[in-house]
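Geometric and topological summary
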Amino acid sequence: NLWKERQLPSFMPELDKENTLSSNLPSKKMAARRDSKLTPSWLLNASLLSRPADLTALVSLSQTDPEAFVDFESKNILQRMVDKLLNNTNESVSDKDTKLDVLSILSNVAADDSVEGAREAVRTVLLSVSEWFDDYLNGEEGGRGVGTGEADVEPELHKAMLLLLCRCYDYRLKTEDVLELTREDRILALETVVGVLEDGETYATELVQRAKPGSGQVGQWEHELVTKRHEKPLILQTCRLLKGFTSAPTYFADTGVDADITLHDVETFSSEISNLLAITLKSRLVEKLALALHDVLFATDFDSDSDEDEWDSDDEDWDAEKSALRQQKALRQLERGLLDASDHQSISAVFAFLQNLYTYAGPEKADVYRQHMLADTLLVPRLLLPYLNRCVAAANLLSRRAETYSNVLGNEEKGEVERGVLDDMSLVQGCASALRVLIIASFRAPPTRFVLGLLRRLNPTASLLRASPFVARHDYLFSLLCLLNINMGALDLSVKGIAKPKFNDDAEGDDGDEDDEDANGAGDEGEDGSLVEAYYAHSLLHDMAAVHAMMSPEAQQRVMQRVCVSGALPVSRDTSSYSAVKSMLEGGASGGQKSYVFGGEGG
């Protein structure tokens with residue numbers, strides 16, 4: 001033992017005291033000690049024997065048992081890892097992979113909020129991170145730019161730090177904090193957030209026993225790759241961070257009330273947003289956002305309860321009891337599908353990020369960006385439409401609740417009931433942000449676009465209008481619905497492709513009928529499709545007029561002003577759908593509108 005103490009480093013007596021078995025112990029005690037669980041302190045001491053330090057066992061332990069790192073016996077283990085490895089300048093002892101493992105261990109410990117004192121312990125340890133490590137981060141992954149080779153290297157250290165900070169500060173990080181981490185390098189900060197969203201999971205290696213030792217055989221251990229998906233609060237947190245990258249207060253520091261934003265600052269801001277748009281298009285960030293949020297929020301839309309028996313409507317045992325069970329099941333599915341305020345805020349932040357890129361980046365790439373959102377990504381089918389479906393379900397539920405309360409309390413309390421029930425501002429803001437993105441994406445889109453056709457067939461307007469008390473209460477939502485249907489051309493009342501009726505003798509021959517069909521360029525299928533679209537447009541316009549009539553005169557005036565003169569969103573005001581909407585807002589169809597609908601040439 002004396003020779004052993006002379007040969008081992010200074011920290012090894014602790015390892016020897018903790019795990020070395022004395023030969024004179026009874027065999028029963030030796031068996032119990034052999035089956036005992038290795039502590040984090042022993043694993044750290046063992047990992048320090050290798051060069052560089054190998055923390056694979058500690059990373060695996062932090063995933064399976066994070067409480068072991070904050071109990072009384074291992075209360076200093078996190079501090080020791082930061083002091084001996086994270087702040088260590090010697091690459092032979094602690095290289096980049098070792099530092100990544102330290103950050104992963106801290107992040108795994110902070111991820112489990114059920115462990116009492118875990119996040120507080122990690123926050124305390126982070127205060128001892130040296131300035132040298134901040135310089136090391138910047139030196140390893142800083143100095144990035146659009147079109148440079150550095151931008152193609154994954155910022156692994158910054159992603160690990162972002163995961164750690166989000167978790168230990170209860171998912172309340174701000175964009176300014178990320179920019180401070182990257183030393184105001186906005187490109188690096190955006191790529192870090194995008195990288196966390198794109199990964200969607202963390203990777204680690206653990207030792208797995210493939211074969212047990214036996215007579216004449218040795219045991220086999222192998223490294224196995226283990227993945228763990230990011231938790232929902234982390235995904236929502238990173239989505240909220242995106243909005244700050246396109247927000248003006250993030251770029252313009254508050255230097256006092258007398259400070260002016262010069263023209264150069266505005267140009268610089270536009271240039272920064274253009275760079276962010278270039279990164280967005282290159283990295284396909286829009287589609288990554290759509291897929292990440294769909295997997296977190298909407299992947300279980302079509303799940304059914306497996307514990308209930310299937311039923312047949314033709315079964316003789318079908319009765320009111322089974323009907324009640326079906327209603328209870330539908331109610332449970334509806335409640336499970338409703339989003340909370342945090343979900344709405346995160347999705348609103350994503351939509352605000354997409355809208356701000358279009359608004360502030362300049363007109364040079366506006367057409368490319370709109371086409372990218374509509375046709376080159378899964379934004380509409382995977383995020384916009386599923387989210388609006390959830391909003392419709394919540395709006396219908398609130399409308400029915402308001403009607404029930406009004407019937408019970410009487411019309412005298414109707415205004416108070418609507419304010420208390422229908423004013424769900426997180427739902428209103430989320431729905432409005434989704435409609436604004438749809439308005440931008442559908443502006444001047446060719447009618448041959450498949451996604452635009454899909455959007456017109458799955459138009460969320462009719463579903464939202466069924467929650468008429470909710471839409472009438474929030475006139476801004478009604479204005480956005482008008483603008484969306486104008487850009488989609490969903491309110492075109494003309495019947496295209498159908499031959500006009502003729503009342504002369506020349507139109508009675510077979511040849512004349514064929515000529516008319518060829519001249520109009522439509523066969524039977526075209527006539528039927530055009531008729532269906534015209535009738536649908538008429539029905540939709542009728543529903544919109546009914547909701548518009550429920551509004552107060554002041555709300556109707558605000559809707560008219562937004563539709564006719566607002567320039568915040570792109571609107572196709574030279575289309576027949578705009579004429580139909582304007583006539584509806586004015587109280588009915590004008591003579592020119594009627595002439596257009598019936599195929600006349602004048603008023």
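Residues numbered from 1 in each chain as written. Predicted model: local features only at pLDDT ≥ 70, side-chain atom pairs only at ≥ 80, totals over all residues. Heavy atoms only, no water.

To continue, consider the overall build of the chain. What the chain contains, in helices and strands, is 31 helices and 2 strands. Burial analysis of the chain (603 residues in total) assigns 44% to the buried set. Element-wise, carbon and sulfur atoms account for 49% of the exposed surface of the chain, whose accessible area totals about 32,400 Å². (Helix = DSSP H or I, 4+ residues; strand = E, 2+ residues; numbered from the N terminus. Buried < 20%, exposed > 50% of the residue type's maximum accessible area, 1.4 Å probe, protein only. Areas by Shrake-Rupley, 256 points an atom, 1.4 Å probe, with all protein chains shown as cover.)

Scanning the model with the defined rule gives 4 aromatic pairs in all. Plain terms: the ring middles of Trp-132 and Tyr-136 are 5.2 Å apart, the flat faces sit at 25 degrees to each other, and that makes the pair stacked. On the criterion of helical spacing, the pair formed by Trp-132 and Tyr-136 is a turn pair, its members being 4 residues apart in helix α9 (residues 131–141). On the numbers, 6.2 Å between centres and 25 degrees between planes, the contact of Phe-133 with Tyr-136 is stacked. Residue Phe-133 and its partner Tyr-136 are located together in helix α9, separated by 3 residues, close to a single helical turn. Looking at Lys-99, its charged tip hangs above the ring of Tyr-136, at a distance of 5.2 Å from the centre. (Phe/Tyr/Trp six-rings, centres within 6.5 Å; stacked < 30°, edge-to-face > 60°. Lys NZ or Arg CZ within 6 Å of the ring centre and 35° of its normal.)

In this model helix α16 (residues 285–298) runs 19 Å from its N-terminal to its C-terminal C-alpha over 14 residues, within 8% of the 20 Å that 1.5 Å per residue would give. The element α16 is largely enclosed, with a buried count of 11 among its 14 residues. (Expected span 1.5 Å × (residues − 1).)

Time to look at the pattern of salt bridges. Tallied over the entire structure, the rule returns 17 salt bridges. A salt bridge links Lys-232 to Asp-343; its shortest N-O distance comes to 3.3 Å. Here Asp-343 lies in helix α18 (residues 341–360) and Lys-232 lies in helix α13 (residues 232–245), a separation of 111 residues in the sequence. Assessed through its relative accessible area of 3%, Asp-343 is described here as buried. Across the pair Asp-574 and Arg-444 runs a salt bridge whose closest N-O atoms are separated by 3.1 Å. Of the two residues, Asp-574 is situated in the loop between α29 (553–565) and α30 (576–585) and Arg-444 in the loop between α22 (425–442) and α23 (450–457); the sequence distance between them amounts to 130 residues. What emerges from the salt-bridge pattern is a single network uniting Glu-154, Glu-156, Lys-159 and Asp-199. (Salt bridge = Lys/Arg side-chain N within 4 Å of Asp/Glu carboxyl O.)

Below, the discussion takes up the nonpolar core. Within soluble globular proteins, side chains that are nonpolar generally end up buried alongside one another. Formed by 153 residues in total, the largest nonpolar core has its most connected members in Val-122, Leu-293, Phe-351, Leu-354, Phe-470, Phe-478 and Val-563. Of all the elements, helix α20 (residues 379–409) adds the most residues to this core, at 13 residues. Contacts of Leu-293, omitting those with residues within four sequence positions, involve Ile-235, Leu-236, Cys-239, Phe-298, Ile-347, Val-350 and Leu-383. (Core = buried A, V, L, I, M, F, W, Y, C linked by side-chain atoms within 4.5 Å. Contact = heavy atoms within 4.5 Å.)

At their nearest, the axes of helix α12 (residues 186–199) and α16 sit 9 Å apart, and the two run at 40 degrees to each other. Between α12 and α16, the angle is such that the two are oblique. Crossing of α12 against α16: the hand is left-handed. Here Leu-190, Val-194, Leu-197 and Glu-198 of α12 lie close against α16, whose contacting residues are Leu-285, Lys-288, Leu-289 and Ala-292. Grouping the constituent residues of the contact of α12 with α16 by class yields 6 nonpolar, no polar and 2 charged. (Axes fitted to C-alpha atoms, helices over the stretch in contact; angles between N-to-C directions. Parallel < 35°, antiparallel > 145°, perpendicular 65-115°, else oblique. Left-handed = near helix turned anticlockwise from the far one by under 90°. Nonpolar A, V, L, I, M, F, W, Y, C, P; charged D, E, K, R; others polar.)

The contact between α13 and α16 brings their axes to 10 Å, and the two run at 145 degrees. Crossing handedness for the pair α13 and α16: left-handed. Only Leu-289, Leu-293, Val-296 and Leu-297 of α16 make contact with α13, whose side of the interface consists of Lys-232, Ile-235, Leu-236, Cys-239 and Leu-242. Class assignment for the residues of the contact of α13 with α16 results in 8 nonpolar, no polar and 1 charged.

Next up on the list: the environment of Glu-154. With respect to the helices, strands and loops of the structure, Glu-154 is situated in the loop between α9 and α10 (156–168). Judged by its relative accessible area of 36%, Glu-154 falls in the partly exposed class. Considered as a pair, Glu-154 and Glu-191 are 37 residues apart in the sequence and their alpha carbons are 8.2 Å apart. One polar contact links Glu-154 to Lys-159, side chain to side chain, over a distance of 3.0 Å. (Polar contact = N/O pair within 3.5 Å; in protein donor to acceptor, adjacent residues only side chain to side chain.)

There is a patch of like negative charges on the surface, built from Glu-131, Asp-134, Glu-176, Asp-177, Glu-180 and Glu-184. Listing elements by their share of the negative patch, those giving two or more residues are α9 and α11 (175–181). Ranked by residues supplied to the negative patch, first place goes to α11 with 3 residues. Along the chain, the position of Glu-180 falls in helix α11. (Patch = residues over 30% accessible without salt bridge, like charges linked within 9 Å, V, L, I, M, F, W, Y side chains within 5 Å. Lys, Arg positive; Asp, Glu negative; His and termini not counted. Charge placed at Lys NZ, Arg CZ, Asp CG, Glu CD.)

The next thing to look at is unusual backbone geometry. With glycine set apart, most residues show a phi of negative sign, and most peptide bonds adopt trans. In this structure, Pro-52 follows Arg-51 across a cis peptide bond, with omega equal to -5 degrees. Here Pro-52 shows up in the loop between α4 (40–47) and α5 (56–64). A positive phi angle is found at Arg-183, which is not glycine, with a value near 55 degrees. Structurally, Arg-183 can be placed in the loop between α11 and α12.

Following the sequence through the fold, Val-194 ends up in helix α12. In the structure, Val-194 is positioned 44 residues away from Thr-238 in sequence and 8.4 Å away in space, judged by C-alpha atoms. Each residue touching Val-194, except ones within four places of it in the same chain, is listed here: Ser-283, Leu-285 and Lys-288.

With respect to the element layout, Leu-338 can be found in the loop between α17 (320–337) and α18. What makes Leu-338 partly exposed here is its relative accessible area of 28%. Look past the residues within four positions of Leu-338 in its chain and what remains in contact with it is Ala-393, Ala-394 and Leu-397.

Moving on: the state of the cysteines. Taken as a whole and judged by the stated rule, the model has 0 disulfides. Distance from the sulfur of Cys-482, which forms no disulfide, to the nearest cysteine sulfur (Cys-564) is 9.8 Å. Among the residues examined, Cys-482 registers a relative accessible area of 0% and is labelled buried. (Disulfide = S-S within 2.5 Å.)

The subject of this paragraph is the side chain of Asn-487. Its location among the elements puts Asn-487 in helix α26 (residues 475–488). Overall, the relative accessible area of 7% leaves Asn-487 in the buried class. Look past the residues within four positions of Asn-487 in its chain and what remains in contact with it is Ile-439, Ser-442, Phe-443, Pro-570, Val-571 and Ser-572.

Before going further, it helps to examine the confidence of the model for the chain. Scored by pLDDT, the chain comes out at a mean of 78, with 72% of its residues at no less than 70. Note on residues 1–35: pLDDT under 50 across the span, and 24 contacts to partners over four residues away in sequence or across chains. Between residues 302–318, whose pLDDT stays under 50, and residues either more than four places distant or in other chains, the model counts 16 contacts. (pLDDT = per-residue confidence, 0-100.)

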